[in-house]
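Read off the chains here:
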Amino acid sequence: MNIAVDFDGTIVEHRYPEIGRERPFAIDTLKMLIADQHRLILWSVREGQLLEDAVNWCRERGVEFYAVNRDYPEERGVENNNHFSRKLKVDLFIDDRNIGGLPDWGTIYRMIKEHKTYPEILQERHGIIHEDDRPKKKHWWQF
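Residues numbered from 1 in each chain as written. Predicted model: local features only at pLDDT ≥ 70, side-chain atom pairs only at ≥ 80, totals over all residues. Heavy atoms only, no water.

### Brief notes about the overall build of the chain
Then step 1. A count of helices and strands for the chain gives four helices and four strands.
Then step 2. The linear arrangement of helices and strands in the chain, starting from the amino end, is β-α-β-α-β-β-α-α.
Then step 3. The buried share of the chain, reckoned over its 143 residues, is 34%.
Then step 4. In the chain, 62% of the contacts between residues at least 6 apart in sequence involve partners at least 24 apart.
Then step 5. For the chain, the computed accessible surface area is about 9800 Å², with 52% contributed by carbon and sulfur atoms. (Helix = DSSP H or I, 4+ residues; strand = E, 2+ residues; numbered from the N terminus. Buried < 20%, exposed > 50% of the residue type's maximum accessible area, 1.4 Å probe, protein only. Contact = heavy atoms within 4.5 Å. Areas by Shrake-Rupley, 256 points an atom, 1.4 Å probe, with all protein chains shown as cover.)

### Remarks on the side chain of Asp8
Then step 1. With respect to the helices, strands and loops of the structure, Asp8 is situated in the loop between β1 (2-5) and α1 (26-35).
Then step 2. Here the side chain of Asp8 touches Arg46 through a polar contact of 2.7 Å, side chain to side chain.
Then step 3. With residues up to four places along the chain from it excluded, the contact list for Asp8 reads His14, Tyr16, Glu18, Ser44, Arg46 and Asp96. (Polar contact = N/O pair within 3.5 Å; in protein donor to acceptor, adjacent residues only side chain to side chain.)

### Some thoughts on helix α2 (residues 48-60)
Then step 1. Helix length check: α2, at 13 residues, gives a terminal C-alpha distance of 18 Å against a target of 18 Å (1.5 Å per residue), a fit within 8%.
Then step 2. If you check which residues of α2 are buried, you get Leu51, Ala54, Val55, Trp57 and Cys58. One side of α2 holds all its buried residues, which, seen down the axis, span an arc of 155°. Projecting away from the buried face of α2 at angles above 90 degrees are the exposed residues Gly48 and Glu60.
Then step 3. The inward-facing, buried residues of α2 contact α1, β2 (39-42) and β3 (67-68).
Then step 4. Just beyond α2, the residue with positive phi is Gly62, at close to 95°. (Expected span 1.5 Å × (residues − 1). Arc of directions from axis to C-beta.)

### Considering the nonpolar core
Then step 1. The biggest cluster of nonpolar side chains holds 24 residues, and the ones touching the most others in it are Val5, Phe7, Ile11, Leu30, Ile94 and Trp105.
Then step 2. Of all the elements, α2 adds the most residues to this core, at five residues.
Then step 3. Beyond its immediate chain neighbours, meaning those up to four positions away, Leu30 contacts Val5, Ile11, Leu40, Val63 and Trp105. (Core = buried A, V, L, I, M, F, W, Y, C linked by side-chain atoms within 4.5 Å.)

### Details of the environment of Ile112
Then step 1. The topology assignment puts Ile112 in helix α3 (residues 105-113).
Then step 2. Along the primary structure Ile112 and Leu33 are separated by 79 residues, whereas in three dimensions their C-alpha atoms are 8.5 Å apart.
Then step 3. Setting aside chain neighbours within four positions, we find Ile112 in contact with Met1, Ile3, Leu33, His38, Leu92 and Ile94.

### Side note on the layout of surface pockets
Then step 1. Approximately 240 Å³ is the volume found for the largest pocket.
Then step 2. Surrounding the largest pocket, 15 residues form its lining, Leu92, Phe93, Ile94, Ile108 and Met111 being those nearest its centre.
Then step 3. For the lining of the largest pocket, the elements supplying multiple residues, two or more each, are β4 (92-94) and α3.
Then step 4. Here the lining of the largest pocket is composed, by residue class, of eleven nonpolar, three polar and one charged. (1 Å grid on protein atoms, 1.4 Å probe; cavity = no way out; pocket = protein on both sides within 12 Å on 5 of 7 lines; lining within 4 Å. Points joined across faces, edges and corners; volume = space filled by probe spheres on them. Nonpolar A, V, L, I, M, F, W, Y, C, P; charged D, E, K, R; others polar.)

### Considerations on the pairing of β2
Then step 1. Bridge count for β1 against β2 is four bridges, and the pairing is parallel. Within the sheet, the bridge partner assigned to Ile3 lies in β2 and is Leu40.
Then step 2. As judged from the two bridges shared by β2 and β3, these two strands associate in the parallel manner. Directly across from Ile41, in β3, lies its bridge partner Ala67.
Then step 3. For the handedness criterion, the β-α-β arrangement of β2, α2 and β3 is classed as right-handed. (Pairing = 2+ DSSP bridges. Right-handed = clockwise from strand over helix to strand, strands pointing away.)

Here's what the structure looks like:
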């Protein structure tokens, strides 16, 4: 899969324009996703030196992105492409601004590796039975 990953608040704690501390297991999980042959794209609001600092921070920890703020490394901006769009064409976005927030990185990895939804993992973890999965009440004539 092609996976876009945010930096501030997702890989590291929010300290923009500084680089915050790594969120637990973020780098390890990103390395596992790369080892699983996924293409990771750093998708950040950072630009210029701030973006370069984020890329280097990840690189120093062993995470090399397939592309940064673009769909593929060779992609050029609007100056060479009338159809250029900053919207990425990826299979998945990992971002702390998701509805419901950012799950822990272990859960994110399981969702991708095992093709499970967040509710499915929560059900397993907490033994929660979804409303639709509960046995139906019998009507009085079924007894």
